[in-house]
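Topology and contacts: notes
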Amino acid sequence: MKQPACKDIKITEVSLRDGSHAVAHQFTEEQVRAVARALDDAGMHYIEVSHGDGLGGSTIQYGKSLVDEMRLIAAAVEECRQAKIAVLLLPGIGTVHDLREASKLGAKLVRVATHATEADVSAQHIHKARELGMEALGFLMMAHSVSTEKLVEQAKLMKSYGAEAVYVTDSAGALLPHEVRERVKALRESLDVEVGFHGHNNLSVAVANTLAAMEEGATRIDGSVRCLGAGAGNTQTEVLLAVMNRLGYDVGIDLYKMMDLAEDVVGPLIRGSQEIKKGSLVLGYAGVYSSFLLHAERAGRMYDVDPRDILIELGKMKVVGGQEDMILDVAADLSKKRKVEATR
Ligand SMILES: C[C@H](O)CC(=O)C(=O)O
Ligand SMILES: [Mn+2]
């Protein structure tokens, strides 16, 4: 296996951001403090804290946060002795004002996230982050939905705005290892910035995908403890670290402490379960944005429609993040169609 030098691999723990989707954005300050403190103590490199849809995501459209994310960011910063706090920002949801606030509170890194074809909207926020002295990384979401050539073109745009790394973001958990490999390899060959990988486990291949990404030279790697993330969650951080140790990667994170915090600190926060069930499986199968799952389940209950039918339809429509309002439209249409068919 080709291995990047261990010191080059940086892990970003996303359970306090992607996991926000899984708890309908209801993290308390105490929960964030406890998770951040334990991750910091285990030696985690970066801890991402934001609303699930990034800074400014607390809205009716995306789901209101229980606690203002700036308070959560400040609390996480206070708890960390060595880990750096990261934030996510989707231009159009988060603003330059939000970025400035997060930076003032001590956030050191921002991932500016756009749909895989919309990198041009990231310019202002990447520039601003660099001006504020933050690390600024690009995050190309729904990377399964575009060709590798398109992804390279969009990554080059982010790089030209000042992004220090660009992520292949498998938002739908739809990519298979050979597809991850192809994308990461192409980015590595065409860009002289770091490449990252953010996976979702909807098809149960997030760890395999992450290993494929690392083999191709990805050095910015995401995970969430106990898979606490949207859909079936992300690459399970503590499992990934165990596998990496077996392969001889040592990134300086204490595996036993990660296992302990997974059971004792993150475990109690999990509502339901993060195992792959029919809803999350369909996300990966149909290529739908993982954070749509809870919205589709809610719409399914409202309109008495199987959430899988809603997700399959959304997949066919190639709906992207930010189009959450379409979920209700699709559910209403499916319900109407069914009633018409019943009267025939
Ligand atoms: C806003 C999304 O939840 C970002 C993300 O984690 C993904 O696309 O995956
Ligand atoms: Mn995600």
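Residues numbered from 1 in each chain as written. Chains lettered and ligands numbered in written order. Predicted model: local features only at pLDDT ≥ 70, side-chain atom pairs only at ≥ 80, totals over all residues. Heavy atoms only, no water.

All right, on to the sheet that holds strand β5 (residues 135-141) then. Spatially, β1-β2-β3-β4-β5-β6-β7-β8 is the arrangement adopted by the eight strands of the closed barrel, whose pairing is parallel. Shown here is a sheet whose adjacent strand axes are inclined to one another by a mean of 25°, direction ignored. Bridge count for strand β6 (residues 165-169) against strand β7 (residues 194-198) is five bridges, and the pairing is parallel. Paired with T169 across the two strands is H198, which belongs to β7. (Pairing = 2+ DSSP bridges. Helix = DSSP H or I, 4+ residues; strand = E, 2+ residues; numbered from the N terminus. Axes fitted to C-alpha atoms, helices over the stretch in contact; angles between N-to-C directions.)

Turning our eyes to something else, we now look at the environment of S290. By the secondary structure assignment, S290 is in the loop between α11 (278-286) and α12 (292-303). Every residue in contact with S290, bar those within four places of it in the chain, is listed here: S171, A172, G173, H200, N202, A230, G231 and L283. (Contact = heavy atoms within 4.5 Å.)

Looking at where E79 falls in the secondary structure, it is placed in helix α3 (residues 69-79). On the basis of relative accessibility, which here comes to 18%, the residue E79 falls in the buried class. A polar contact is formed between the side chain of E79 and the side chain of R37, at a distance of 2.8 Å. E79 has contacts with R33, A36, R37 and D40, leaving out every residue within four places of it along the chain. (Buried < 20%, exposed > 50% of the residue type's maximum accessible area, 1.4 Å probe, protein only. Polar contact = N/O pair within 3.5 Å; in protein donor to acceptor, adjacent residues only side chain to side chain.)

Next up on the list: the environment of S20. Residue position: S20 is located in helix α1 (residues 18-22). Separated by 208 residues in sequence, S20 and L228 have C-alpha atoms that sit 8.2 Å apart. A distance of 3.2 Å separates a polar side-chain atom of S20 from the backbone nitrogen of G52.

Before going further, it helps to examine the UniProt feature "active site" (unreviewed entry) in the protein chain. Mapped onto the present numbering, the UniProt feature "active site" (unreviewed entry) falls on H21. Inspection of the secondary structure puts H21 in helix α1. Under the relative-accessibility criterion, H21 is labelled buried at 10%. When near neighbours in sequence (up to four residues on either side) are disregarded, H21 contacts G52, D53, A230, S291 and L294. (UniProt positions renumbered as here; feature names shortened; annotations may be inferred.)

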